[in-house]
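Listed here are the chains, written in short residue letters.
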Amino acid sequence: MGRADLEEREAAEIRDILFATGAREETERMITSRYEHVLRVLDQAGFPPAADRALRGLAVKATQYTS
C-alpha cells in the first residue's frame, strides 16, 4: 500500500485481507458516520448560503473515491 512498485498480485492480497478482516466495511461505516455528523453541524451552523454550499461540497468530495 502506497508503493509505486506494488504488483497486482500483492494489491489483490491486500484487498483480500481488508475484506476478510472487515476493515473495509468498518472504514466505510466511519466515513459515513463522520459525513453525517458534518451535515448535522452544518445544518445548525448558520453560515451564509455560499459558505454552506462550499462546505457541503467539500464534505462530498472528501468522502468520495474512485477506486
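Calculation notes
Residues numbered from 1 in each chain as written. Predicted model: local features only at pLDDT ≥ 70, side-chain atom pairs only at ≥ 80, totals over all residues. Heavy atoms only, no water. pLDDT = per-residue confidence, 0-100. Helix = DSSP H or I, 4+ residues; strand = E, 2+ residues; numbered from the N terminus. Salt bridge = Lys/Arg side-chain N within 4 Å of Asp/Glu carboxyl O. Buried < 20%, exposed > 50% of the residue type's maximum accessible area, 1.4 Å probe, protein only. Patch = residues over 30% accessible without salt bridge, like charges linked within 9 Å, V, L, I, M, F, W, Y side chains within 5 Å. Areas by Shrake-Rupley, 256 points an atom, 1.4 Å probe, with all protein chains shown as cover. Expected span 1.5 Å × (residues − 1). Axes fitted to C-alpha atoms, helices over the stretch in contact; angles between N-to-C directions. Parallel < 35°, antiparallel > 145°, perpendicular 65-115°, else oblique. Contact = heavy atoms within 4.5 Å. Nonpolar A, V, L, I, M, F, W, Y, C, P; charged D, E, K, R; others polar.

**Quick look at the confidence of the model for the protein chain**
Phase 1 of the analysis: Per-residue pLDDT for the protein chain averages 91, and the proportion of residues at 70 or more is 97%.
Phase 2 of the analysis: For the protein chain, helix H1 (residues 8-21) is the element with the lowest average pLDDT, namely 91, and helix H3 (residues 49-63) is the one with the highest, namely 96.

**Focus on the pattern of salt bridges**
Phase 1 of the analysis: Summed over all chains, the structure comprises four salt bridges.
Phase 2 of the analysis: When the shortest N-O distance is used, the salt bridge between Arg15 and Glu8 registers 2.5 Å.
Phase 3 of the analysis: You can call Arg15 partly exposed: its relative accessible area is 43%.
Phase 4 of the analysis: In this structure Glu8 comes out as exposed when scored by relative accessible area, which is 53%.
Phase 5 of the analysis: Asp52 is paired through a salt bridge with Arg56; the nearest N and O atoms lie 2.7 Å apart. Here the residue Asp52 and the residue Arg56 both occupy positions in helix H3, the gap between them amounting to four residues, near one helical turn.
Phase 6 of the analysis: Salt bridges linked by common partners bring Asp43, Asp52 and Arg56 together as one network.

**Digging into a nonpolar patch on the surface**
Phase 1 of the analysis: A cluster of nonpolar side chains, namely Phe47, Leu55 and Leu58, defines an oily patch on the protein surface of about 270 Å² accessible area.
Phase 2 of the analysis: With respect to the helices, strands and loops of the structure, Leu58 is situated in helix H3.

**Quick notes on helix H2 (residues 23-45)**
Every α-helical turn comprises 3.6 residues, leaving residues that sit three or four positions apart pointing alike.
Phase 1 of the analysis: The first and last C-alpha atoms of H2 sit 33 Å apart over 23 residues, in line with the 33 Å expected at 1.5 Å per residue.
Phase 2 of the analysis: Immediately beyond the C-terminal end of H2, within one or two residues, lies Gly46, with a positive phi of roughly 75°.

**Points about the packing of H1 against H2**
Phase 1 of the analysis: Their axes nearest at 4 Å, the elements H1 and H2 cross at an angle of 70°. Judged by the inter-axis angle, H1 sits roughly perpendicular to H2. Residues Leu18, Phe19 and Thr21 of H1 form the contact with H2, whose participating residues are Ala23, Arg24 and Glu25.
Phase 2 of the analysis: When the residues that make up the contact of H1 with H2 are grouped by side-chain class, the tally is three nonpolar, one polar and two charged.

**Digging into the packing of H2 against H3**
Phase 1 of the analysis: For the pair H2 and H3, interaxial distance at closest approach is 10 Å and the crossing angle is 180°. On the basis of their axis angle, the class for H2 and H3 is roughly antiparallel. Facing H2, whose interface residues are Ile31, Tyr35, Val38, Leu39, Leu42 and Asp43, H3 presents Asp52, Leu55, Arg56, Ala59, Val60 and Thr63.
Phase 2 of the analysis: Its residues assigned to classes, the contact of H2 with H3 shows eight nonpolar, one polar and three charged.

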